[in-house]
Amino acid sequence: MASKLDLKLDHLMIAAQSHQAAAKAYEALGFKVTPLRQNGPMGGAEGDDGGSQLIMFAGRRNDYLNYLEISTTFKPKALPLMNRILQQDGVAMMVNFCNNISQIKEHWAGEGYELHYFEGEFPSSGSLGGGKFEILIPDPESVPIQINAVFSSNREGYNAPEWQDHPNGAIALTEVRCVSNSAEIGSVAKFIEASHDIGKVDETGGGFRFDLGQIQVKLDTDETVKSPKIGGFQILVTSLAGCRELLSRNGVSFQEYDDRVFVKTMGSHIEFVEKAECP
């Protein structure tokens, strides 16, 4: 069941303590990474190394974007909230696009989340666009898995085809993997249901799946984690054989089974597939 709210999961925010190390790691995986785009919320308004690097995908729908955002804060000048969210390498937040941020604010406030609202302006990177965004983020202390909602009136500049042409053949971000210990997995599932006003599908083995548009969210049990987290994501590629060849050529260690290739880098587990499970 798709979200009843005006929310479309269109990208992940991935924390990186070093934007140089992150660019090197993701380029080794065959992704085309934009240069750092400094911005105010992350402490880069005055030219410091606080900002984001984007990995853009063509996606499987044309009504909203599909990408990864690798974000680094310049701690002395970044918003304290962003320093809290981006304090260690790995996937930090699921970012939802909306056309009515007031609706989301009312719904989330009704669920009891402590909310932070601000506006951010993002520069262009050559042919890739920038623009002004409204941003609504529940406080990390009030939610088990970090989410936010963003609105921008015009994002056409983000569809530049040259930034979607990846050496590894990446087409789309298709799935996000969240994990929780068994004691908390029920409350995490209820949170995702409530925050997006969405139903869930029970998975074999005790997990859950949520339909957030062209990206599915899977929530599984992992007794090794102390608190719920976003552990990784799935990328659809044109050719798994070509992806394996590139990884081998670049000296990247990977595992493979069941027609999937698994890599761990910069705190995230990444799964490459040639055919996504969900449409």
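Residues numbered from 1 in each chain as written. Predicted model: local features only at pLDDT ≥ 70, side-chain atom pairs only at ≥ 80, totals over all residues. Heavy atoms only, no water.

Quick look at the overall build of the chain
On a plain count of helices and strands, the chain comes out with 5 helices and 16 strands. Here the chain has a C-alpha radius of gyration of 18 Å; the compact-globule value for 279 residues is 19 Å, and the two agree. The dimensions of the chain, computed from C-alpha atoms along their principal axes, are 50 × 50 × 35 Å. When each of the 279 residues of the chain is scored for burial, the buried share is 55%. (Helix = DSSP H or I, 4+ residues; strand = E, 2+ residues; numbered from the N terminus. Rg over C-alpha atoms; globule rule 2.2 N^0.38 Å. Buried < 20%, exposed > 50% of the residue type's maximum accessible area, 1.4 Å probe, protein only.)

Comments concerning the sheet that holds strand 11 (residues 208-211)
Read across the sheet, 8 strands follow the order 10-11-12-9-13-16-15-14 without closing on themselves; strand pairing throughout is mixed. Strand pairing shows two members of the sheet lacking a second neighbour, strand 10 (201-202) and strand 14 (255-257), which therefore form its edges. Inspection of the sheet shows strand 11 paired to strand 12 (residues 216-221) by 4 bridges, in the antiparallel sense. From the neighbouring strand, F210 faces strand 12, where its bridge partner is V217. (Pairing = 2+ DSSP bridges.)

Thoughts on helix 4 (residues 185-196)
Working note: α-helix, 3.6 residues per turn, so residues spaced by three or four point in the same direction. Helix length check: helix 4 (12 residues) gives 17 Å between terminal C-alpha atoms against 16 Å at 1.5 Å per residue, within 8%. Listed as buried for helix 4 are I185, V188, A189, F191, I192, S195 and H196. Across the axial projection of helix 4, the buried residues extend over an arc of 155°, all falling on one side. The inward-facing, buried residues of helix 4 abut strand 5 (90-97), helix 3 (101-110), strand 8 (147-151), strand 9 (170-180), strand 11 and strand 12. The positive-phi residue at the C-terminal boundary of helix 4 is D197, with phi of around 50°. (Expected span 1.5 Å × (residues − 1). Arc of directions from axis to C-beta. Contact = heavy atoms within 4.5 Å.)

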